[in-house]
Amino acid sequence: MSLTYEKGFGFEGEMKERGIGLIFIISAPSGTGKTTLVREVIHRLPGLQFSVSFTTRLPRPDERDGMDYHFVSHSAFQKMVERNEFLEWAEVLGNRYGTPRPDFKKMELEGLDLILDIDTQGAKKVTKEIAQPVMIYLLPPCLRVLRERLINRGVDSLERVKFRLSHARKDMEEAYGYHYVIVNDTLEDALEKLKSIIIAERCRKGKNEILEANMKQWEEKDG
Ligand code: ADP
Ligand code: 5GP
């Protein structure tokens, strides 16, 4: 990780303004509110970019190709797998999803962190590929609320809602392996927690750079 320091002692203030090449993984049972929360945090916190996955599933009415997902055919996806173009990929609830390999150099140069909305299988694979991703698991307040959110979202049949709920319980067990758990009860509260985690991780992982910048300033002042 390398950073340029223009503000010297004030650099830690920048942690709210820019990323430092970190990877944040956010997972949750379908319908918990990941998409909503991720869209909102990117809007509110500078220096965060959404990693647009590739998928073989069909777009939902409000989804845009290239923004929410890259929607591709099964054969196009398979070719990408064979060319080793994914950081990870997995089959989730009957469809295939894959994360493109991040361009870490570009992220550092442009002051960006990347946020990956991926399932728990994918998260495990990412930990084997890259150093220290920050893993955040989002929980629904309870099963009843999760069911309501899935029904209100209006994209699944009742049969499909049942299928998603039966998958949710087992999925939640994976949350023990994550660094953070956030309960998405009210959106504002969950958003505040997610923002705080991102800023804290930027401060923690950028610690040495802040120290070095400060030391340099001291030396320059002494000399
Ligand atoms: P996911 O990406 O986890 O599958 P979505 O972001 O699509 O979930 O959210 C599922 C539904 O729940 C959407 O209709 C969304 O507007 C709603 N929702 C998300 N977060 C909250 C919240 N904190 N309170 C109430 N409704 C929410
Ligand atoms: P949905 O179809 O509801 O958008 O997503 C279904 C599930 O696939 C969610 O749990 C979501 O996090 C996961 N997912 C989305 N993109 C990827 C990806 O690139 N890799 C993996 N492993 N899971 C993904």
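One can find the structure itself at the top, above this paragraph.
1. Here's the deal with unusual backbone geometry
We note that Asn-84 has phi near 60°; this positive angle belongs to a residue other than glycine. Here Asn-84 is to be found in the loop between helix H2 (74-82) and strand S5 (86-92). We classify Asn-84 as exposed; its relative accessible area is 51%. In this structure, Gln-132 takes a positive phi of about 50° despite not being glycine. Mapped onto the elements, Gln-132 comes out in the loop between helix H4 (120-129) and strand S8 (134-139). According to the relative accessible area criterion, Gln-132 is exposed, its value standing at 60%.

2. Regarding the site of ligand 2
Taken together, 15 residues surround ligand 2, and among them Ser-53, Arg-57, Tyr-69, Glu-88 and Tyr-97 come closest. A distance of 2.7 Å is found between a nitrogen atom of ligand 2 and a side-chain nitrogen or oxygen belonging to Glu-88. Asp-119 is positioned such that a nitrogen or oxygen atom in its side chain is 2.8 Å from a nitrogen atom of ligand 2. Taking 520 Å² as the accessible area of ligand 2 by itself, protein coverage stands at 95%. According to the grid-proximity analysis, the pocket containing ligand 2 is the largest pocket.

3. A word on the pattern of salt bridges
Counted according to the given criterion, the structure contains 17 salt bridges. Among the ionic pairs, Arg-83 bridges to Glu-85, the shortest N-O distance being 2.5 Å. You can call Glu-85 partly exposed: its relative accessible area is 29%. Residues Lys-205 and Glu-201 are paired through a salt bridge, measuring 3.3 Å at the closest nitrogen-oxygen approach. Residue Lys-205 and its partner Glu-201 are both found in helix H7 (residues 187-205); the two are separated by four residues, about one turn of the helix. Classification of Lys-205 by relative accessible area gives buried; the value is 17%. Glu-201 sits in the buried class, given a relative accessible area of 4%. Salt bridges sharing common partners tie together Glu-40, Arg-44 and Glu-188.

4. Thoughts on the site of ligand 1
Taken together, 14 residues form the shell around ligand 1, and within it Gly-31, Thr-35, Thr-36, Arg-153 and Asn-184 come nearest. Within the contact set of ligand 1, an oxygen atom lies 2.5 Å away from a side-chain nitrogen or oxygen of Thr-36. Here Asn-184 contributes a side-chain N or O atom positioned 2.9 Å from a nitrogen atom of ligand 1. Relative to its unbound accessible area of 570 Å², ligand 1 is 75% covered by the protein chains. In this structure the site holding ligand 1 corresponds to the largest pocket.

5. A closer look at the sheet that holds strand S7 (residues 113-117)
In a beta sheet, neighbouring strands pair by backbone hydrogen bonds and run either parallel or antiparallel. Judged by pairing direction, the sheet is parallel, and its five strands sit side by side in the order S2-S7-S1-S8-S9 without closing on themselves. The open sheet terminates on both sides in strands that have one partner only, identified here as strand S2 (48-50) and strand S9 (180-183). Sheet twist, expressed as the average angle between the axes of neighbouring strands with direction ignored, equals 25°. Pairing of S2 with S7 involves three bridges; the strand directions are parallel. Among the inter-strand pairings, Phe-50 is bridged to a residue of S7, identified as Ile-115. On the sheet, H7 packs against strand S1 (23-27), S2, S7, S8 and S9 and is oriented at approximately 160° with respect to S9.

Procedures and definitions
- Residues numbered from 1 in each chain as written.
- Chains lettered and ligands numbered in written order.
- Predicted model: local features only at pLDDT ≥ 70, side-chain atom pairs only at ≥ 80, totals over all residues.
- Heavy atoms only, no water.
- Helix = DSSP H or I, 4+ residues; strand = E, 2+ residues; numbered from the N terminus.
- Buried < 20%, exposed > 50% of the residue type's maximum accessible area, 1.4 Å probe, protein only.
- Near = heavy atom within 4 Å.
- Polar contact = N/O pair within 3.5 Å; in protein donor to acceptor, adjacent residues only side chain to side chain.
- Areas by Shrake-Rupley, 256 points an atom, 1.4 Å probe, with all protein chains shown as cover.
- 1 Å grid on protein atoms, 1.4 Å probe; cavity = no way out; pocket = protein on both sides within 12 Å on 5 of 7 lines; lining within 4 Å.
- Sits in = over half its atoms within 2 Å of the grid points.
- Salt bridge = Lys/Arg side-chain N within 4 Å of Asp/Glu carboxyl O.
- Pairing = 2+ DSSP bridges.
- Axes fitted to C-alpha atoms, helices over the stretch in contact; angles between N-to-C directions.
- Contact = heavy atoms within 4.5 Å.

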